[in-house]
Amino acid sequence: MKEITVIIRRDKLPETKKVMDELGYPSLTIQSVEGRGRQKGAMCAEMDSEMPDSYCTSVKLTPTPSSYALEHTLPKVALFVPKRLLTIVVPDDVVIKIVKSLIRVNQTGKAGDGKIFVSPIDSALRVRTGESDGEAIA
Amino acid sequence: MKMIRAFIRPEKEQEVILALEGAGFPSLTKIPVFGRGKQKGLSVGPVHYDELPKTMIMTVVGNEDADKVVSIIKEKARTRFIGDGKIFVSPVESAYTVRTGEATL
């Protein structure tokens, strides 16, 4: 079994859920998170249209140099973009197929599309019936 | 690759994030969480707090950087009082950037 952790744009969640339904793996856990990536989030007001205005402070569009930030106390140095984090546990053999579908659905070509992480899961248990591993996630 | 999940004090969040950014690890996800540890929460006089607010910082880095990131978080989040939090490191087999579709961090 593998755990697929996906961080995606908030407005792509319905489409992502739909595509997971179609693939036959509708089970997922959704979390509302904030994060940033290689662009440090500071440029996100320009690149990420979903960014609410309240996040665009005076430092908007100014990439904060870490050296400056470490020496000075800034009110809001790190800007974080609201995202959705999905956790999906699936059998080994469908991981590639699901990752490809997730990329296809969530790709816009602009910074902020998100990341997908695949990690191993040792065991799974369905609490209701006590089924374990493969049966628990089927 | 390694996924590092650090449960830290919310007031130390800014300091940890700045230190990570300074060391060249700007990418992370933060999640506000509630939890308790070995001390089963916190008792202040007659009031018992069972679940305490923490910030979970999640980041994925290369194998060679994991120790460095852990030591930065460890150093910056430490107050030496109970409730400083925990850091968990778990394996990640592959990572994809959605924008490009490439299998890179």
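That block above? That's the structure.
What comes next concerns the included structure. (Residues numbered from 1 in each chain as written. Chains lettered and ligands numbered in written order. Predicted model: local features only at pLDDT ≥ 70, side-chain atom pairs only at ≥ 80, totals over all residues.)

### Things to note about the interface of chain A and chain B
Defined as follows: Two residues qualify as being in contact provided that their C-beta atoms, derived from the backbone, are within 7 Å of each other. Numbering of helices and strands starts at the N terminus; helices are DSSP runs of H or I of at least 4 residues and strands are runs of E of at least 2. For two strands to be treated as a pair, DSSP must find no fewer than two bridges joining them.
On the side of chain B, 23 residues touch chain A, which itself brings 31 residues to the contact. Going through the elements one at a time, β2 (29-36), α3 (66-71), α4 (95-106) and β4 (115-120) of chain A are the ones with two or more residues in the side of chain A that touches chain B. In terms of residue count, β4(A) provides more of the side of chain A that touches chain B than any other element does, six residues in total. Direction of pairing for β2(A) relative to strand β2 (residues 28-35) of chain B: antiparallel, over a ladder of three bridges. Bridge pairing links A:G35 to B:T29 in β2(B).

### Here's the deal with the nonpolar core
Formally: Throughout this description, the term nonpolar core refers to a group of buried Ala, Val, Leu, Ile, Met, Phe, Trp, Tyr and Cys residues whose C-beta atoms join them within 7 Å. Partly exposed residues are those whose C-beta has more than 12 but fewer than 20 other C-beta atoms within 10 Å; with 20 or more the residue is buried, with 12 or fewer it is exposed, and the C-beta atoms are placed from the backbone.
Within the largest apolar cluster, 35 residues are counted, with the highest numbers of intra-cluster contacts made by A:I4, A:V6, A:V99, A:I116 and B:V16. What B:V16 contacts, discounting residues up to four positions off in sequence, is B:I8, B:I57, B:I73, B:K76 and B:A77.

### Description of the sheet that holds β2(B)
Using the following cut-off: In this description, a line fitted to the C-alpha atoms serves as the axis of each element, helices being fitted only across the stretch in contact, and the angle between N-to-C directions of two axes falls anywhere from 0 to 180 degrees.
Strand order in this open sheet of nine strands is β6(B)-β1(B)-β5(B)-β2(B)-β2(A)-β3(A)-β1(A)-β4(A)-β7(B), and the pairing throughout is antiparallel. Of all the strands in the sheet, the pair left with one neighbour each is β6 (86-91) and β7 (94-97) of chain B. Here the strands of the sheet are splayed against their neighbours by 25° on average, with no regard to which way each runs. Pairing geometry for strand β1 (residues 2-8) of chain B and β6(B), over six bridges, is antiparallel. Counterpart to B:F7 in the pairing with β6(B) is B:K86. Those strands touched by α4(A) are β1 (2-8), β3 (81-90) and β4 of chain A together with β7 of chain B, and its axis lies near 5° from that of β1(A).

### Observations concerning the packing of helix α1 (residues 13-23) of chain A against α4(A)
All names here are of chain A. Convention followed: In what follows, roughly perpendicular refers to angles from 65 to 115 degrees, roughly parallel to angles under 35, roughly antiparallel to angles over 145, and oblique to any angle outside these ranges. Handedness of a crossing is defined here by the sense of rotation of the near helix relative to the far one, left-handed for an anticlockwise turn of less than a right angle and right-handed for a clockwise turn. Residue polarity follows a fixed list, in which Ala, Val, Leu, Ile, Met, Phe, Trp, Tyr, Cys and Pro are nonpolar, Asp, Glu, Lys and Arg are charged, and the others, Gly among them, are polar.
Direction vectors running N to C along α1 and α4 enclose 150°, while the axes themselves pass 10 Å from each other. Regarding the angle of α1 to α4, the classification is roughly antiparallel. Between α1 and α4 lies a crossing whose hand is right-handed. Residues E15, T16, V19 and L23 of α1 lie in contact with α4, whose contacting residues are I98, S101, L102, V105 and N106. A per-class count over the contact of α1 with α4 returns five nonpolar, three polar and one charged.

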